[in-house]
Amino acid sequence: MTPLLQVEGLARQYRLPRQRLFGPPQRVQALQGVSFTLEAGRSLGVVGESGSGKSTLARLVMALEAPTAGTVRFEGRDLHALPAGELRRARAGFQMVFQDPFGSLDPRQPVARVVAEPLEAQHLGTTAERRERAGEMLAAVGLRSADLDKYPHEFSGGQRQRIAIARALVTRPKLIVADEPVSALDVSVQAQVLNLMQDLQDRFGLSYLLISHDLAVVDLVCDEVIVLHQGCVVESGPAGRLFRSPEHEYTRRLLAAATGTEPPFHDGGDAPRAAATDRSASPRESPP
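Described below are features of the structure shown in this document. All of these numbers come straight from a predicted model, not from anything done at the bench.

Moving on, we get to the overall build of the chain. Counting its regular elements, the chain contains 9 helices and 10 strands. If one aligns the C-alpha atoms of the chain with their principal axes, the spans along those axes are about 55 × 45 × 45 Å. Long-range contacts, defined as pairs at least 24 residues apart, comprise 68% of the intrachain contacts of the chain with a sequence gap of at least 6. Computing the positive centroid from 33 side-chain charges and the negative centroid from 34, the chain places the two 6 Å apart.

Below, the structure written as structure tokens:
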């Protein structure tokens, strides 16, 4: 059976500015030889310190950038080999939730237009049908259809991320790529959004590719995990096994830093941290 998502030998190299006018350009290898498979209905977490290549991987999977080498196959089709029109149509099957819910929502547009935007891009349905679908997705994430005519600034951070999730769901995708989906939220709100994501996975049969530096978040949501270090996969496996019996020294250091038993990484980015993920917080209660 064809996997939902199959990444093979993925590499991405960036060209840096010249240090001298006639000197050779320098290059940085953001990803190198990354391979993994994600089955339908499953969740895969990608962890690593800042600068390890996590967000680069997300952009390549979403076909927002072209890889230097390797392939990204969604339902057996190489996304980066598709003509532009076919790629646009294929995007209905995979959507993205970004880190900053306020920055990813157009403040000049009402929620109805924001949520229905992917349908408009896909030329799906009439204006009335798009609005109806947007209302259904808002209800699915715990908001009200009456919120359709409000604007993003009228909502809290947790509610804005619910709107972003509703927008990702509106085309009924099979895969959602979530890049640090709760890191911009208060700790008390994170658990509610994570519980919501799990409920939606059960309801719609979603698969998640979850990018995060927060090991507690990945452990809660994901079935499998890959660990990135300097653009390479250094360890992979079931979340339960990997977080409790890590084999690679780098994974052990990540876990030690997250639990406070070792000084955090200092590479210019944020250190891994543990988040409160109390399963008792219910997304069905008054959404934040």
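Attention shifts here to the pairing of strand E4 (residues 69–74). Summarising the sheet, strand E1 (residues 5–15) and E4 pair through 5 bridges and their orientation is antiparallel. Opposite Leu 5, over in E4, you have Phe 74 as the bridge partner. When E4 meets strand E5 (residues 77–78), the two strands line up antiparallel, connected through 2 bridges. Across the sheet, Phe 74 pairs through a bridge with Arg 77, a residue of E5. In this antiparallel pair of consecutive strands, E4 and E5, the connection spans 2 residues, and Glu 75 shows a positive phi of 55°.

This brings us to the environment of Leu 57. On the secondary structure map, Leu 57 appears in helix H1 (residues 54–61). For the pair formed by Leu 57 and Ala 30, sequence separation is 27 residues and the distance between their alpha carbons is 8.9 Å.

Take the sheet that holds E5 next. Pairing between sheet strands relies on hydrogen bonds along the backbone, with the strands arranged either parallel or antiparallel. Across the sheet, which stays open at both edges, the 4 strands sit in the order E2-E1-E4-E5 with antiparallel pairing between neighbours. Of all strands in the sheet, those with a lone pairing partner are strand E2 (27–38) and E5, marking the two edges. Strand direction decides the pairing type here: E1 and E2, joined by 8 bridges, are antiparallel. Bridged to Leu 10 within E2 is Val 34. Against the sheet, H1 makes contact with E1, E2 and E4, and its axis sits at roughly 115° relative to E1, the strand it touches most.

If you look at the biggest cluster of nonpolar residues, it comprises 51 residues, and the most contacted ones within it are Ile 163, Ile 165 and Leu 200. Apart from residues lying up to four places away in sequence, Ile 163 is in contact with Leu 105, Val 111, Val 114, Val 115, Leu 138, Leu 143 and Phe 155. Listed in part, the 30 residues of the second largest apolar core include Val 72, Leu 82, Met 96 and Leu 175.

Another point: the sheet that holds strand E8 (residues 207–211). The sheet built from 6 strands is open, its strands ordered E6-E7-E8-E3-E9-E10 with mixed pairing. The sheet is open, and its two edges are formed by strand E6 (94–97) and strand E10 (232–238), each paired on a single side. Ignoring which end each strand starts from, the neighbouring axes of this sheet average 15° apart. Pairing of strand E9 (residues 224–229) with E10 involves 6 bridges; the strand directions are antiparallel. Counted as the bridge partner of Ile 226 is Ser 236 from E10. Contacts from helix H9 (residues 249–259) reach strand E3 (43–47), E9 and E10 within the one sheet, and its direction differs from that of E9 by about 100°.

Where helix H3 (residues 111–121) is concerned, the buried positions are Val 111, Ala 112, Val 114, Val 115, Ala 116, Pro 118 and Leu 119. Taken together, the buried residues of H3 touch E6, helix H4 (127–140) and helix H5 (157–169). Downstream of H3 by one or two residues, His 123 has phi in the positive range, about 55°.

Thresholds, definitions, all that
- Residues numbered from 1 in each chain as written.
- Predicted model: local features only at pLDDT ≥ 70, side-chain atom pairs only at ≥ 80, totals over all residues.
- Heavy atoms only, no water.
- Helix = DSSP H or I, 4+ residues; strand = E, 2+ residues; numbered from the N terminus.
- Contact = heavy atoms within 4.5 Å.
- Lys, Arg positive; Asp, Glu negative; His and termini not counted.
- Charge placed at Lys NZ, Arg CZ, Asp CG, Glu CD.
- Pairing = 2+ DSSP bridges.
- Axes fitted to C-alpha atoms, helices over the stretch in contact; angles between N-to-C directions.
- Core = buried A, V, L, I, M, F, W, Y, C linked by side-chain atoms within 4.5 Å.
- Buried < 20%, exposed > 50% of the residue type's maximum accessible area, 1.4 Å probe, protein only.

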